[in-house]
Amino acid sequence: MPASSSRPVIRVTGDGRLPLNDLLPTEEPVEFRMGGVPIAVLMRTPGHDEELARGFALTEGIILRPDELAGVRALPGKEGEGRYELVPARGIHIDPEQFRRNLYASSSCGVCGKASIDAIRITSPPLPEGPVVRAGLLEQMMETMRTAQTGFHETGGLHAAGAFTVAGELVGLREDVGRHNAMDKLVGSLAARGWPLDEMIVTVSGRVSFELVQKAAVAGLSILAGVSAASSLAVDLADEVGMTVAGFVRPGGFNLYTHPHRVSG
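Residues numbered from 1 in each chain as written. Predicted model: local features only at pLDDT ≥ 70, side-chain atom pairs only at ≥ 80, totals over all residues. Heavy atoms only, no water.

Brief notes about the packing of helix α5 (residues 210-218) against helix α6 (residues 232-241)
At a minimum axis distance of 7 Å, the contact between α5 and α6 shows a crossing angle of 20°. Judged on the interaxial angle alone, α6 and α5 are roughly parallel. Seen along the crossing, α5 lies across α6 with a hand that is right-handed. Listed contacts from α6 to Phe210, Val213, Gln214 and Ala217 of α5 are Leu233, Ala234, Leu237, Ala238 and Val241. Residues that form the contact of α5 with α6 fall into these classes: 8 nonpolar, 1 polar and no charged. (Axes fitted to C-alpha atoms, helices over the stretch in contact; angles between N-to-C directions. Helix = DSSP H or I, 4+ residues; strand = E, 2+ residues; numbered from the N terminus. Parallel < 35°, antiparallel > 145°, perpendicular 65-115°, else oblique. Left-handed = near helix turned anticlockwise from the far one by under 90°. Contact = heavy atoms within 4.5 Å. Nonpolar A, V, L, I, M, F, W, Y, C, P; charged D, E, K, R; others polar.)

Structure (structure tokens):
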């Protein structure tokens, strides 16, 4: 299933109406199971589903380390309606009922179906004191991510999450119709290379929401920057766990909401 789909639209301008075809971001359900028990249905952009599964399992606290998951096995299903079995490693025992969601999670919802706010305050590892990034370089990282968002340039409708070294090197980028899915895909791809994750800076293409701070914290990431605003609950959680959060990161400046010691200049 491609990341975009063509649909007929009518383009309305001051000069009239013009029928044409437009590329829309693909949104399809994916179901994750464990021990045959469905634990979540997410609305996502198809692609990198195994990384999404791994990242989801890590950031939701289903597993604590990547090696606790032996693999992600595709199950039979219709095209676009992916079904995957999360297979625990030998000796790892997980009760799937503990993590079963009450509702499916839409592309705009990272914590739908959770019973209470306490259930999503997953214990994260102590965040490192570093890294420290230059303010100007943080702005450059956001521009680098924007340039690399091929899916967004094609459709105008995909969120992105990118990971950078302190030197500003882009080491990973994932796009999805859901901002939390993009983060999970990114974490899943980085976790496949090594765990715990190296000190790096994570950028997101939209607002900084509670679930993005929560997922970054569980992954041990201490700097999170977004092109738009941070929500009040995201700032409260970031302050609590010791994460540096920056918002409105654009040429000419940005807002630092929490723990500004990791940004110099």
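Anyway, onward from the coordinates.
Notes on the pattern of salt bridges
If you walk through the whole model with that rule in mind, you get 9 salt bridges. Notably, a salt bridge pairs Asp49 with Arg44, separated by 2.7 Å at the nearest N-O pair. Taken as a pair, Asp49 and Arg44 share a single burial class, namely buried. The partner of Asp176 in a salt bridge is Lys185, and the shortest N-O contact between them spans 2.7 Å. Judged by relative accessible area, Asp176 falls into the buried class, the value being 0%. Judged by its relative accessible area of 1%, Lys185 is buried. Three or more residues are tied together by salt bridges with common partners; here these are Glu60, Asp184 and Lys215. (Salt bridge = Lys/Arg side-chain N within 4 Å of Asp/Glu carboxyl O. Buried < 20%, exposed > 50% of the residue type's maximum accessible area, 1.4 Å probe, protein only.)

Some thoughts on helix α2 (residues 135-148)
Helix length check: α2 (14 residues) gives 20 Å between terminal C-alpha atoms against 20 Å at 1.5 Å per residue, within 8%. For α2, the complete set of buried residues consists of Ala135, Leu137, Leu138, Met141, Met142 and Met145. The buried residues of α2 occupy an angular sector of 160° when projected down its axis, which confines them to one face. (Expected span 1.5 Å × (residues − 1). Arc of directions from axis to C-beta.)

Structural notes on α6
Among the residues of α6, Ala234, Val235, Leu237 and Ala238 are the ones counted as buried. In a view along the axis of α6, the buried residues occupy a sector of 165°, so they form one face of it. Exposed residues pointing more than 90 degrees away from the buried face of α6 are listed as Ser232 and Glu240. Contacts made by the buried residues of α6 are with α5, β12 (244-250) and β13 (253-258). Trailing α6 by a residue or two, Gly242 shows a phi angle of about 90°, which is positive.

Let's talk about the sheet that holds β13
Sheet architecture is open: 6 strands sit in the order β9-β8-β10-β11-β12-β13, paired in mixed fashion. Edge positions in the sheet fall to β9 (170-176) and β13, since each has one partner strand and no second. Here the average twist between neighbouring strands, direction ignored, is 20°. Strand direction decides the pairing type here: strand β10 (residues 201-204) and strand β11 (residues 223-226), joined by 4 bridges, are parallel. Residue pairing for β11: Thr203 is matched across the bridge by Ala225. (Pairing = 2+ DSSP bridges.)

A look at the pairing of β11
Every other side chain in a regular strand lies on the same face of the sheet, so the side chains alternate between the two faces. The side-chain alternation of β11 yields two buried faces, one formed by Ile223 and Ala225 and the other by Leu224 and Gly226. Crossover β10 to β11 through α5 is right-handed. In the classification by handedness, the crossover that spans β11, the intervening α6 and the parallel β12 is right-handed. (Right-handed = clockwise from strand over helix to strand, strands pointing away.)

Observations concerning the environment of Leu170
Relative to the elements of secondary structure, Leu170 occurs in strand β9. Separated by 25 residues in sequence, Leu170 and Met145 have C-alpha atoms that sit 7.8 Å apart. Aside from chain neighbours lying at most four places away, what touches Leu170 is Thr144, Ala148, Gly162, Ala163 and Phe164.

Observations concerning the packing of aromatic side chains
All chains considered together, the criterion is met by 2 aromatic pairs. Ring geometry for Phe32 against Phe56: centres 5.8 Å apart, planes inclined by 45°, an arrangement best described as tilted. Taken together, the positions of Phe32 in strand β3 (residues 28-34) and Phe56 in helix α1 (residues 49-59) put the pair 24 residues apart, joining distant regions of the chain. On the accessibility criterion, Phe32 (0% relative accessible area) is buried. Judged by centre distance (6.4 Å) and plane angle (55°), the ring pair of Phe32 and Tyr84 falls under tilted. (Phe/Tyr/Trp six-rings, centres within 6.5 Å; stacked < 30°, edge-to-face > 60°.)

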